[in-house]
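Reading the structure
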Amino acid sequence: MTGFLTEDDLAALQPADEAMFPSPIPTQVIASDEFWPMPQNERQKRVEARIKAMADEIAPKQGMTRRRYLQTAAGMAAAFLAMNEEYGPLYGVSRAEAQTPGAAEARAATLADQFIMDVHTHFLRPDTRLMTFVEARRNVGRAGWNPQIRVEEQTIESLMEANWFKEMFLDSDTKVALISGAPSEDPRDWFLTNDMKFDARKRVNDAAGGTRRVLSHGIFTPGQPGWMEEVERCITELNVDSFKGYTVGDNTNKHLAQHPWRMDDERLMYPFYERILRAGKGIVCVHKGLYPQQVTDRFPHLLPFAGVDDVGKAAKDWPQIKFVIYHSAYRWTGGGGAGTGVEQFARTGRVDWTTDLAEIPSKYGVTNVYGDLGQIFAQTTVIEPGLCAALMGTLIRGLGADHVVWGTDAVWTGSPQWQIEALRRLEIPEAMQRQHGFAPLGDADGPVKRMIFGETSARMYNYQRRADLRHDNVAKARAEYAARGGERSNLAYGYVIRNPGLETIVS
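Note on numbering: residues in each chain are counted from 1, in written sequence order. pLDDT decides what is reported in this predicted model: residues at 70 or higher carry local features, side-chain atom pairs at 80 or more are listed and counted, and totals for whole chains, interfaces and linings draw on all residues regardless. Working from all heavy atoms in the structure, the side-chain values ignore hydrogens and water.

1. A few points about the overall build of the protein chain
Note on conventions: DSSP H or I runs of at least 4 residues are helices, E runs of at least 2 residues are strands, and numbering of each starts at the N terminus. Along the backbone of the protein chain there are 25 helices and ten strands. Evaluated residue by residue, the protein chain yields a buried proportion of 61% over its 507 residues. The contact criterion used is simple: two residues touch if any of their non-hydrogen atoms lie within 4.5 Å. Counted over contacts in the protein chain with a minimum sequence separation of 6, partners at least 24 positions apart contribute 75%. Using a 1.4 Å probe on the protein chains alone, a residue whose accessible area is under 20% of its type maximum counts as buried, one over 50% counts as exposed, and one in between counts as partly exposed.

Here it is, written out as structure tokens:
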């Protein structure tokens, strides 16, 4: 896997663990070797200063060091307060949560059983060569995106199945996860083979008493030799839950990409759509976006395949298929990217290519296009939260709240709990609602966020939630879990997963 920075470029950078304050929420853009990081701007500096000041004031009163305080739920509440002071009232948080011992933890406990279905998660194969992801994860930890990552030395094991399991099911409120992946022209650089995803799904679900705690994608690669034969095998042997593809072809090694494709290619793609419909596999997930200027400059020949101008026709021609566009086609990833998105929205009320995606239902008269959040949320909510609110408003206005689905792209940035907490707290400012016709996001457990967090995906995947789960069983199971030494319990519709060894307690 090749990066975008030269050796001289990398030598000029200061290590993130030396340059950055370990905040619960990042206050500066970081990079591995994939893009040039944007220097910390003045607003981010002010947020960082506010977080430090609050931590220095509150931590001693709670008998903690600044670092320990910032690792708590109260410390995260303080970070959201600091962001509100700088960016405006975007996050629902009270000063009492930051100042009163146990207040933030009590709030979190009331939401711990919320149904969260993450349809966009990753880990890597045991023999992977993709070491760049290790450094990317180290930098995420050094920047403070995830307190647990920050205090650990990351290795390739951090990106393997056992740690994925821990971070998804023990360290977050996620109840159901879909294992995704990415293909490559070089077979050694697939994140996971389709068989590996099938095996992991079976391991977790078998250990969970035969319930569907984990789903899996079948990765399809239009144009590559034997690709339809692999689709057939995914249907008949692996019984995948849905299919996923990358229109740029090889997204991991773009310099090797030989088989980009369009969703509306009637010769190449329509036989595929027809086959999966006959098999009852009518969900097609497609990676779009994440194509900032650095990537455009280096791989301009793939740019025509990265946007969404091929989505509308495919959706209109195949109304029985649910097309889920991953990352909601958000283009401006990487250093400086969020700034480009902010400028675009301020000037035009639009953001490449997410606004184009949101307008497809009205333009084409379709109701089968969905937006996955992925990096669109993970990156903007902590770098430019106003842009995050604008993007959420745009998607809900155009696609409908019941057509926006929760995906975090974890495990690249550790446990997704910080993303879950950010959406629970996020609100679109009233002035932005009035100016752009956006609807409010509402309460943490209100109808809009419930749909996004899991209700829409549960319907899409015909996921049957356990109806016999009662609160007293929850309390009993968690108490038993704690008595056995568990650091965090996560009730999952009738049982609690105990540890990365996949043991369970049946309630």
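2. Quick look at the packing of helix 20 (residues 375–383) against helix 22 (residues 417–425)
Running from N to C, helix 20 and helix 22 point in directions that differ by 65°, and their axes come no closer than 10 Å. Here helix 22 runs roughly perpendicular to helix 20, going by the angle between their axes. Every pair of crossing elements has a handedness; the one defined by helix 20 and helix 22 is left-handed. Seen from helix 20, the contacting residues are Phe377, Ala378, Thr381 and Val382; seen from helix 22, they are Trp418, Gln419, Ala422 and Leu423. A fitted line through C-alpha atoms represents every axis, and for helices the fit uses only the stretch in contact; the resulting angles, taken between N-to-C directions, go from 0 to 180 degrees. Note on terminology: angles under 35 degrees are roughly parallel, angles over 145 are roughly antiparallel, angles of 65 to 115 are roughly perpendicular, and the others are oblique. Crossings are assigned a handedness: left-handed for a near helix turned anticlockwise from the far helix by less than a right angle, right-handed for a clockwise turn.

3. Side note on the nonpolar core
We define a nonpolar core as any set of buried Ala, Val, Leu, Ile, Met, Phe, Trp, Tyr and Cys residues linked to one another through side-chain atoms lying within 4.5 Å. Within the largest apolar cluster, 98 residues are counted, with the highest numbers of intra-cluster contacts made by Phe272, Tyr273 and Phe377. Apart from residues lying up to four places away in sequence, Phe377 is in contact with Cys388, Met392, Trp406, Gln419, Ala422, Leu423 and Leu426. Leu124, Met168, Val411 and Trp412 belong to the second-largest nonpolar core, a separate cluster that totals 24 residues.

4. Things to note about the environment of Arg397
Following the sequence through the fold, Arg397 ends up in helix 21 (residues 385–399). Remark: the alpha-carbon pair of Arg397 and Phe438, spanning 41 residues in sequence, is separated by 6.1 Å. In terms of polar contacts, Arg397 uses its side chain to reach the backbone carbonyl oxygen of His436, at 2.7 Å. Each polar contact in these results corresponds to two N or O atoms within 3.5 Å; when the atoms are within protein, one needs to be able to donate a hydrogen and the other to accept it, and residues that are neighboring in sequence are counted only if both atoms are side-chain atoms.

5. A word on the packing of aromatic side chains
Put simply, two rings from Phe, Tyr or Trp (the six-membered ring, in Trp's case) pair if the centres are within 6.5 Å, and we call them stacked under 30 degrees between planes, edge-to-face over 60, tilted for the rest. What the rule picks out here adds up to 19 aromatic pairs. Residues Tyr273 and Trp318 carry aromatic rings whose centres are separated by 5.6 Å and whose planes lie at 65° to one another, so their mutual orientation is edge-to-face. Within this pair, whereas Tyr273 is found in helix 13 (residues 270–278), its partner Trp318 is found in the loop between helix 16 (311–317) and strand 6 (322–326), the two being separated by 45 residues in sequence. Accessibility classification places Tyr273 together with Trp318 in one group, the buried group.

6. Some thoughts on the pattern of salt bridges
Salt bridges are defined as contacts in which a side-chain nitrogen from Lys or Arg sits within 4 Å of a carboxyl oxygen from Asp or Glu. In this structure the tally under the stated criterion is 37 salt bridges. Note that Glu86 is salt-bridged to Arg50, the shortest N-O span being 2.9 Å. Taken together, the residues Glu86 in helix 5 (residues 73–87) and Arg50 in helix 3 (residues 42–58) connect sequence positions 36 residues apart. Accessibility expressed as a relative area gives 27% for Arg50, which makes it partly exposed.

7. Description of the sheet that holds strand 2 (residues 176–179)
Taking strand neighbours across the sheet as the criterion, the eight strands line up as 1-2-3-4-5-6-7-8 in an open arrangement whose pairing is parallel. The open sheet terminates on both sides in strands that have one partner only, identified here as strand 1 (117–121) and strand 8 (404–405). With five bridges joining them, strand 5 (residues 283–287) and strand 6 adopt parallel strand pairing. Pairing of Val284 across the sheet is with Phe323, part of strand 6. What makes two strands pair is DSSP finding at least two bridges between them.

8. Quick look at the packing of helix 22 against helix 24 (residues 447–460)
Two packed helices can be described by the angle between their axes and the distance between those axes. The N-to-C vectors of helix 22 and helix 24 enclose an angle of 155°; their axes lie 10 Å apart at closest approach. Our classification of the angle between helix 22 and helix 24 gives roughly antiparallel. Contacts between helix 22 and helix 24 pair Ile420, Leu423, Arg424 and Arg425 from the former with Lys449, Ile452 and Phe453 from the latter. For the contact of helix 22 with helix 24, a count of residues per class yields four nonpolar, no polar and three charged. Just so you know the grouping, Ala, Val, Leu, Ile, Met, Phe, Trp, Tyr, Cys and Pro go in nonpolar, Asp, Glu, Lys and Arg go in charged, and all remaining residues, Gly too, go in polar.

9. Describing the pairing of strand 6
Where burial is concerned, most of strand 6 is hidden: four out of the five residues are buried. Where strand 6 meets strand 7 (residues 369–372), three bridges bridge the pair, whose relative direction is parallel. Note that in strand 7 the partner of Ile325 across the bridge is Gly371.

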